[in-house]
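Each chain is listed here by its residues.
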Amino acid sequence: MDRKRKWVLSSGALLVIFLGRMTTALEVPLDPKVLEGLPQPPTITHQSPKDFIIDPRENILIYCEAKGKPHPSFSWTRNGTHFDVEKDSKVLMKPSSGTLVIDISGEKAEAYEGIYQCTARNEHGTAVSNNIFIRQSRSPLWSKERKEAIMVQVGVSLVLQCRPPAGLPPPIIFWMDNNFQRLPQNTRVSQALNGDLYFSNVLLDDTRNDYICYARFPHTQTIQQKQPITVKVLDNSPSEERRPSFMAPLGRSSTQMALRGGVLELECIAEGLPTPEVSWYKESGDLPSSRMSFHNFQKTLKIADVMEADAGDYRCTAKNSLGSAHHTIKVNVKAAPFWISAPRNLILAPKETGILTCRVSGDPKPQIAWSVNGVPIEDSPKDTSRKVEDDTVILSDVQTGSSAVYQCNASNEFGYLLANAFVNVLAEAPRVLTPPNNVYQVITNNPAFLDCASFGSPIPTITWFKESQTSILNRDPYVIHNNGTLEINVAQSLNSGKYTCIASNNLGTRENHVYLEVKEPTRILAQPEYMVVQRNRKAVFECKVKHDPTLIPTMNWLKDNGELPDDERFLVDTDSLTINEVTEEDEGTYTCVMNTTLDQDSASAMLTVVEEPDPPTDLELTDQRERSVQLTWIPGDEHNSPTQKFLVQYEDLLHQAGVWHNLTEEEGTKTTAHLDLSPYAYYSFRVLAVNHVGYSQPSQPSRQYRTNPAAPDVNPTDVHGVGTEHNNLVISWKELTGLQSNGPGLQYKVNWRQKDVEEDWLSETVANASKYVVSGTPTFVPYEVKVQAVNDYGNGPAPEAVVGYSGEDVPMSAPESVQVLVQNGTLAEVHWEPVLTSMVRGRLQGYKVSYWRERSLHQAEAQQEEQQVLLFSGNRTDGRLPGLKPYSLYTLNIRVVNGKGEGPPSPNHNFETPEGVPGPPSFLRIKNTDMDSLTLEWGPPQDNNGRLTGYTLKYQPVNSSNELGPVEEMMFPANETTVILADLKYSTRYKFYFNAKTIKGSGPTITEEAVTIMDEAFIQQPIVDVFKVRPIGPAFTNVNSSVVGEEGAVISWEYFGPDKNVYVEYIVENSKEDWTKECVNGSSGSQTYLIKGLKPGTSYRVRLVVKDHSEATIHSTEELVITLPAMKSDQVDLATQGWFIGLMCAIALLILVLLIICFIKRNKGGKYPVKEKEDAHQDPEIQPMKDDDGTFGEYSDTEDHKPLKGSRTPSNGTVKRDDSDDSLVDYGEGGDGQFNEDGSFIGQYSGKKEKDTHEGNESSEAPSPVNAMNSFV
């Protein structure tokens, strides 16, 4: 056979490839369009199972369905012979089907038991079904038997046999009592696989008379009951303890066979006393843990889906306290036939070659038999193109009309396999079954599969092209599968586009176009983060996503992998989830899932809800002693935040009921506190827990704990001795609290004596007081004082003495030998002799120096200024007097100061200060600014500080970039106050520096700036009084404006500020647009700026602002309103145009002709039609309008000579007040006599709307040809 296979392969590589391709075509596609006109041999599509057990109470239904073209016909065999369905009235075959329906009503089902086989045939072949073995399900009755009671001694083993009747299928066994309650089973008592009940050893409790075995037959749903078994357990000769031994299976070893793919059940039941335990292991390998399970209290080992590797020796071990026993079960695994490669349908073209392979395995090895159209191949007509080699049929050079169905039957002693495979010889041009223009969408970096399902015979060759490329896609990254599908293993954006698949064989070619779109993946950029949130607060999970813009995303939030609660507190936004007022139930894992039609991404985060801990409970007092007690408690729920500490508080019901005080703190891991107590108190305790969130509510108070009274442990604190009068001493202290009193009758023993004097302590005892006054003391002498606490149970500890002083009195003398040393014009030193301590008569605070300026040495008369005071602390004998004014006369005196007050002053002492530099000039003004000159005026300093010797002026130009030019300097005598500076540059900014001088030098400099006038004739610089010394106030002053021409305005101002970012901002009044901003010079002083390009006839709001580096406004002026004059009209007067004059003349001539016609008609005796309407519709509100002769209401012959007025009368003869006074001007762009935007001349000739006093509200328009023309329209 190997040589034959080599011959087939040697026929050429093309044949090998072709045969390989043949195996990929299984059958004709089910597409109706493809099926049209295509022949197909029969194929079995549905059949009943091989072993078919029927319910005798129901009709028998044996399935056999098949397809083919043409549709096949059906026939049956029974037990190997033809079964004539038509002759049996109880048997019906369904139309267009081979399915049999057998009516067994009134018949016995046994009559139809047997082996059935279905045959489906058409003109292209015959297919057969499996052999279907029909058997009736049976549930026989239990044979009656008389059962004697079973007598057994305590401790021995026992087996109660069930032995159910044989049924089809076998029944399910279980043991129950008379009350239909299952008997309890355990390691001692259990049911074996055969249904018997095993006792490893019996107990007295096993005595009963209702051990009943039941058998349930599943097909008929009936239950059969065995006669009850009675067991009596005796204890007159109990069994002794013993080693285990096996009750089933018997002996040391046994053998068991299992079929591949089935279930292996191994059982070991042992007896012994005590009850043994059973364990399992495989001697030649490990137990298959994934397919293995233990049952019946480890006594049964069950292995599912048995494999050949499960063969081997399995050892079960029974063990108790006295020993163990072993049993080995040798397992052999056999196999019914199973497919390795079942034969597949072949579609061959004429002259092609194909192979049918039927590869099976089994143990023992299956025998393979081939049939053609249901006939054994050796009995069928010989075919030279067919060659059979064991499991292979080779078909060579097939011809049209040689289609057939081949059957492969593989069998051994454990079963059989039957497979049908047709060979359909067709000649068909290619057809592409994939719909055209399919669009495939895939995510970047994922595989893309483009389908090109095709049909044809011979099988078409599939080639792929992309876009307009001519090369076949058959290399990386492209893979063409056997079914024509094009795979792109890792799709990228450059792979997007149009693809063409071409199916071709020797009968033709077909192509199909599909499109691939590679999309960007969905990614979560900002994932939700783990959150710890307090209860009733808000939790926000963010989930920001990036996705392909052409895909529609859907955001979904999950809680613990389920839907969010239906609660309005959960708010889902575009990229976030908000949970308001979180509760403990909101804890969990939250997942945001972003889905598109192609992919998804998800991210999760946990929410932990924390809150204050619950209060501790079960407070208990233990280890109770005189001055201490131990407090224990049980912590409350921490609510996800560990307890950091416990705070123990107490309430003293005796001294301060209702007030809780902190006593001690303990670590959060402790639940016990040792409490130190005070005597004479009624304690209650409570505990608060503290975590990261805060304090819990207090626990319930403990029971009351009372301590016994005792002498005080402490004395009063803050003991002081201070005199309030010159002859007393006030001793004060801080009283003890009720808890510190330690007992009833609390008093204070006050002791005092003069320090450094040999005398005894004086004492006084007081109660409910915090001070004691000692009278008759010397002035300001030291005393030792102490205060001791006493109560009814004794004295407190010995107190320590503190030193205090009796009361002070005002000093009695003044400092002497006062001297002044002048250092310079602004500083002097003063010296004095200190006052004796005995004359101070108190605690020395220091020396008070009072001094004042009498006058300047320029002045003869005194002008005393406000007195100044300096206090020099401590026992000083000198001090400095700063801030003096030069060239002045001063006076001073000195007093000593103690805690009671000031002593008498020393005699007044005079001193003079020398000359100094002068102060700044009082002002500097710039006046009479011209193009090349200006005038400076100044005033002398307010403080000369000596004799003035003159003034110094320096000035220099400043260019537009704020760079300084050369400095000019001028000197002036002290009596001059003005100067004219000439030969300056026009339109130039100058900076001036000015100061005064004395013999001591120059004083502070003041600066100003000024700009010479611009050389622009149309700018009129406003004359303002500028360049004063910079005041403390607004940054802008003297803001003014003036209009220049029709499109400009000049803004002038004074600016005093350090910031240089100064802007002029303006906007059309009542406009909602942004302000227009223009940067100007930010130097200090007087400034001007010309705003150009404004619209004539428009009002503007203007302001000055200063901004910082971040464009924030620092200063702003009030808004000015500037109105520019309207531009003079440059429009052409139409009245002077020749064509217009001609047009007006033609209109006037036409009007004249019309008037003549009207007058002629009226002269013939008729009234003007308007008049007739006026007569018919008189309006009482219309007053007759009369001209010269008072008639205007009627057009008569006598009025023909009257010229027509410019006003128009409506056709109804009335003039309405609201309608008639409209002129054409009212409907134009404005009321001026100007042209409209379209160049019309309505306003030019209609004139303004005017009101005549004698016409009321009636309109009187200026006469014009246009109005006259309108009256006839």
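Reference entry: report on the structure contained in this document. (Residues numbered from 1 in each chain as written. Predicted model: local features only at pLDDT ≥ 70, side-chain atom pairs only at ≥ 80, totals over all residues. Heavy atoms only, no water.)

### What about unusual backbone geometry?
With omega at -10°, the peptide bond leading from Ala 248 into Pro 249 counts as cis. Going from Asp 363 to Pro 364, the amide bond is cis rather than trans, its omega being 5°. Positive phi outside glycine occurs at Asn 373, with the angle close to 55°. Its location among the elements puts Asn 373 in the loop between strand S32 (367–372) and strand S33 (375–376). The backbone of Phe 780 sits at a positive phi, close to 45°, despite the residue not being glycine. (Helix = DSSP H or I, 4+ residues; strand = E, 2+ residues; numbered from the N terminus.)

### Side note on the sheet that holds strand S36 (residues 404–412)
The strand order across the open sheet formed by five strands is S29-S37-S36-S32-S33, and the pairing between neighbours is mixed. Either end of the sheet is taken by a strand with one partner, and the two such strands are strand S29 (346–348) and S33. As judged from the nine bridges shared by S36 and strand S37 (residues 415–425), these two strands associate in the antiparallel manner. Its bridge partner lying in S37, Ala 404 is registered against Val 423. (Pairing = 2+ DSSP bridges.)

### Section: the side chain of Thr 952
Examined against the element boundaries, Thr 952 turns out to sit in strand S81 (residues 948–958). Judged by relative accessible area, which is 7%, Thr 952 ranks as buried. Once residues within four sequence positions are removed from consideration, Thr 952 is found in contact with Glu 969, Met 970, Met 971, Tyr 993, Phe 994, Asn 995 and Lys 997. (Buried < 20%, exposed > 50% of the residue type's maximum accessible area, 1.4 Å probe, protein only. Contact = heavy atoms within 4.5 Å.)

### Some thoughts on the state of the cysteines
With the rule as written, the count across this model stands at six disulfides. Across the disulfide from Cys 268 sits Cys 316; the S-S distance is 1.9 Å. When the S-S torsion is -70°, as for the bridge of Cys 268 with Cys 316, the disulfide is left-handed. On the criterion of sequence distance, the pair formed by Cys 268 in the loop between strand S22 (264–267) and strand S23 (269–273) and Cys 316 in strand S27 (residues 312–320) is long-range, its members being 48 residues apart. Each member of the pair Cys 268 and Cys 316 is classed as buried. Each sulfur in the disulfide pair Cys 543 and Cys 592 lies 2.0 Å from the other. Between Cys 543 and Cys 592, the disulfide has an S-S torsion of 55° and is therefore right-handed. (Disulfide = S-S within 2.5 Å.)

### Things to note about a nonpolar patch on the surface
Taken together, the side chains of Leu 1149, Leu 1150, Leu 1152, Val 1153, Leu 1154, Ile 1156, Ile 1157 and Ile 1160 define a hydrophobic patch exposed on the protein surface, amounting to about 690 Å² of accessible area. Mapping Val 1153 onto the fold places it in helix H6 (residues 1138–1163). The class of Val 1153 is partly exposed, set by a relative accessible area of 41%. (Patch = residues over 30% accessible without salt bridge, like charges linked within 9 Å, V, L, I, M, F, W, Y side chains within 5 Å. Areas by Shrake-Rupley, 256 points an atom, 1.4 Å probe, with all protein chains shown as cover. Salt bridge = Lys/Arg side-chain N within 4 Å of Asp/Glu carboxyl O.)

### Thoughts on the nonpolar core
Grouped together as the largest cluster of nonpolar side chains are 29 residues, with contacts concentrated most on Ile 62, Trp 76, Ile 102 and Tyr 116. Counting only elements with at least two residues in this core, the list comes to strand S2 (51–54), strand S3 (60–62), strand S4 (64–69), strand S5 (73–78), strand S8 (100–102), strand S9 (114–122) and strand S11 (132–136). For this core, the element with the most residues is S9, which contributes three residues. Those residues in contact with Tyr 116 that lie beyond four places of it in its chain are Ile 62, Trp 76, Thr 77, Arg 78, Phe 83, Ile 102, Asn 130, Asn 131, Ile 132 and Ile 134. Listed in part, the 20 residues of the second largest apolar core include Cys 162, Val 189, Leu 197 and Ile 229. (Core = buried A, V, L, I, M, F, W, Y, C linked by side-chain atoms within 4.5 Å.)

### Quick word on the environment of Val 1039
Note that Val 1039 resides in strand S87 (residues 1036–1044). Separated by 47 residues in the primary sequence, Val 1039 and Ser 1086 place their C-alpha atoms 9.8 Å from one another. Excluding residues within four positions of it along the chain, Val 1039 makes contact with Ser 1052, Trp 1053, Leu 1104, Thr 1117 and Leu 1120.

### Some words on the sheet that holds strand S49 (residues 539–542)
Strands sit in the order S49-S54-S53 across an open sheet of three strands; the sheet is antiparallel. Edge positions in the sheet fall to S49 and strand S53 (570–572), since each has one partner strand and no second. Here the strands of the sheet are splayed against their neighbours by 15° on average, with no regard to which way each runs. (Axes fitted to C-alpha atoms, helices over the stretch in contact; angles between N-to-C directions.)

### Let's talk about the pairing of strand S54 (residues 576–579)
Burial along S54 is two-sided: the face carrying Ser 576 and Thr 578 and the face carrying Leu 577 and Ile 579 are both buried. Pairing of S49 with S54, which is carried by four bridges, proceeds in the antiparallel orientation. Paired with Ala 539 across the bridge in S54 is Ile 579. Examined bridge by bridge, S53 and S54 share three bridges and lie antiparallel to one another. Counted as the bridge partner of Val 572 is Leu 577 from S54. Between the end of S53 and the start of S54, which pair antiparallel, lie three residues.

### What about the environment of Trp 633?
Checked against the element boundaries, Trp 633 lands in strand S58 (residues 628–634). Assessed through its relative accessible area of 4%, Trp 633 is described here as buried. Between the C-alpha atom of Trp 633 and that of Leu 619, which follows or precedes it by 14 residues, the distance is 4.5 Å.

### Details of the packing of aromatic side chains
Summed over the entire model, instances satisfying the criterion amount to 24 aromatic pairs. An angle of 80° between the planes, with centres 5.8 Å apart, marks the rings of Phe 83 and Tyr 116 as edge-to-face. On the criterion of sequence distance, the pair formed by Phe 83 in strand S6 (residues 81–83) and Tyr 116 in strand S9 is long-range, its members being 33 residues apart. Each member of the pair, Phe 83 together with Tyr 116, is buried. Considering the side-chain rings of Phe 180 and Tyr 214, the 6.1 Å spacing of their centres and the 45° angle between planes classify their relative orientation as tilted. Placement of Phe 180 in the loop between strand S14 (172–176) and strand S15 (189–191) and of Tyr 214 in strand S17 (residues 208–217) is noted, with a sequence separation of 34 residues between them. Site record: aromatic cluster; members linked through ring pairs are Trp 938, Tyr 951, Phe 972 and Phe 994. We note Arg 208 situated over the ring of Tyr 211; from NZ or CZ to the ring centre the distance is 5.7 Å. A cation over an aromatic ring shows up here: Arg 1103 above the ring of Trp 1075, its NZ or CZ 3.8 Å from the ring centre. (Phe/Tyr/Trp six-rings, centres within 6.5 Å; stacked < 30°, edge-to-face > 60°. Lys NZ or Arg CZ within 6 Å of the ring centre and 35° of its normal.)

### Considerations on the side chain of Asn 791
Mapped onto the secondary structure, Asn 791 falls in strand S69 (residues 782–791). Judged by its relative accessible area of 8%, Asn 791 falls in the buried class. Within polar-contact distance, the side chain of Asn 791 engages the backbone oxygen of Ala 710 at 2.9 Å. One polar contact links the side chain of Asn 791 to the main-chain amide nitrogen of Tyr 793, over a distance of 2.8 Å. When sequence neighbours within four positions are dropped, the list of residues in contact with Asn 791 reads Ala 710, Ala 711, Pro 712, Ser 741, Asn 742, Gly 743, Pro 744, Gly 745 and Leu 746. (Polar contact = N/O pair within 3.5 Å; in protein donor to acceptor, adjacent residues only side chain to side chain.)

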